[in-house]
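# Architecture and fold: a report
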Amino acid sequence: MEKHFSKERTLIVIKPDGIQRGLVGEIIGRYEKIGLKMIAMKMLVPTPEHIEEHYTLDPEWRRVTGEKTIASYKAKGEKPPTENPLEVTEKLLKNLKKYISSGPVLAMVWQGAHSVQLGRKLAGGTEPLTSDVGTIRGDYVLDSYAMSDTDNRSIRNLIHASGSIDEAEMEIKHWFEKAELIKHTIFQEKILYDVNLDGILE
Ligand code: GDP
Ligand code: MG
C-alpha cells in the first residue's frame, strides 16, 4: 500500500533570529494549529560544516540556486554580482553558514498530510519584504534582498522549511537520528483523518 498522506514529514528549523526575536512559541503554534504533529525537536548550535551539508544534500542545489538567484536579479532589472551560478552560490553559502551557525537553532520534524507544502505555505516566500501577509516571514520580519545584499549577508527570514518531499527525507536524516523521531498518536488526528467518525459520540 502507498504511504498514507498523514505520514508525510517535513523539517522545520527555527533559525537564530527566530530564537533571538522570541518567536519560538508563535512559530510552533502555527504548525500546531494547522493540524500537523511534531514528532521530534532539538535545540543545537549547528556547525558551519553541518549547514553546508544541509544546503548541498541535493547535488544540484549549487547550480539551481545560483541560476535562480541570477534570474531574480535580472527580473528586477539589476546586474547580478557574477554570471557564474556556482560563484553566486559560493557567496550565498558562505553567508548562510555564518548566519545559521551564529547561535542556537530549533530543529523540528512535523508530520501530517501535505506537511511539506504546508510548511512552505505557512513560512511564506524566501524574502520577508515580499512574503504574503499572514505567513511567518510576512508577518514577523522586515528583511529584503536589497538590504541583505547591500550589507553582504544572508537574508534573515526566521525559519527553514523543506522544499519537497525528497528534500525533506534527506534533511530529516541529516538533522536527526532515527531513534529521535517519536512515533505517536495525537487525538486530533481522529477528527482530521478518521473516515468513519465513529469515535466521538458515546
Ligand atoms: P528558502 O528555501 O525559502 O530558504 O530559499 P532557497 O532554498 O531558494 O534559498 C536558500 C537561501 O539562498 C535563502 O534563504 C537565501 O539566503 C538565499 N537566496 C535564495 N534566493 C536568493 C536571491 O534571489 N537573492 C539573494 N541575495 N539570496 C537568495
Ligand atoms: Mg530551500
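Figured I'd write up the structure that's included with this text. Fair warning: this is a prediction, and the values are worked out from it, not measured in the lab.

### Brief notes about the site of ligand 1
Taken together, Lys68, Thr69, Ser72, Leu92, Leu96, Arg120, Thr126, Arg137, Tyr145, Asp149, Ile155 and Asn157 make up the full set of residues near ligand 1. Tyr145 places a polar side-chain atom, nitrogen or oxygen, 3.4 Å from a nitrogen atom of ligand 1. Protein contact buries 92% of the 550 Å² of open area that ligand 1 shows by itself. Of all the secondary structure elements, the ones that give two or more residues to the shell around ligand 1 are α4 (61-75), α5 (85-100) and α8 (145-150). Tallying contributions element by element places α4 first for the shell around ligand 1, with three residues. Of the residues belonging to the shell around ligand 1, the class tally is four nonpolar, four polar and four charged.

### So, the pattern of salt bridges
Charged atoms that come close allow side chains of opposite charge to pair. Counting across every chain of the model gives twelve salt bridges. The salt bridge involving Glu180 is made with Lys42; its shortest N-O contact spans 3.1 Å. Of the two residues, Glu180 sits in the loop between α9 (165-175) and α10 (188-193) while Lys42 sits in strand β2 (residues 37-44), which places them 138 residues apart along the sequence.

### Considering unusual backbone geometry
One non-glycine residue, Asn152, lies in the positive phi region at around 50 degrees. Inspection of the secondary structure assignment puts Asn152 in the loop between α8 and β4 (159-161). Taking the relative accessible area as the measure of exposure, Asn152 reaches 41% and is therefore partly exposed. Positive phi values are uncommon outside glycine, yet Leu197 reaches one of about 50 degrees. Owing to a relative accessible area of 46%, Leu197 belongs among the partly exposed residues under this scheme.

### Describing the packing of aromatic side chains
Enumeration according to the criterion identifies two aromatic pairs in this entry. The ring of Tyr73 has Lys76 sitting right over it, with the charged end atom 5.7 Å from the ring centre.

### Comments concerning the environment of Gly119
Structurally, the position occupied by Gly119 is in helix α6 (residues 115-123). Each C-alpha atom, one on Gly119 and one on Ser148, is 24 Å from the other, the two residues being 29 residues apart in sequence. The contact partners of Gly119, leaving out residues within four places of it in the chain, are Ile12, Tyr31 and Ala161.

Rules behind the numbers
Residues numbered from 1 in each chain as written. Chains lettered and ligands numbered in written order. Predicted model: local features only at pLDDT ≥ 70, side-chain atom pairs only at ≥ 80, totals over all residues. Heavy atoms only, no water. Near = heavy atom within 4 Å. Polar contact = N/O pair within 3.5 Å; in protein donor to acceptor, adjacent residues only side chain to side chain. Areas by Shrake-Rupley, 256 points an atom, 1.4 Å probe, with all protein chains shown as cover. Helix = DSSP H or I, 4+ residues; strand = E, 2+ residues; numbered from the N terminus. Nonpolar A, V, L, I, M, F, W, Y, C, P; charged D, E, K, R; others polar. Salt bridge = Lys/Arg side-chain N within 4 Å of Asp/Glu carboxyl O. Buried < 20%, exposed > 50% of the residue type's maximum accessible area, 1.4 Å probe, protein only. Phe/Tyr/Trp six-rings, centres within 6.5 Å; stacked < 30°, edge-to-face > 60°. Lys NZ or Arg CZ within 6 Å of the ring centre and 35° of its normal. Contact = heavy atoms within 4.5 Å.

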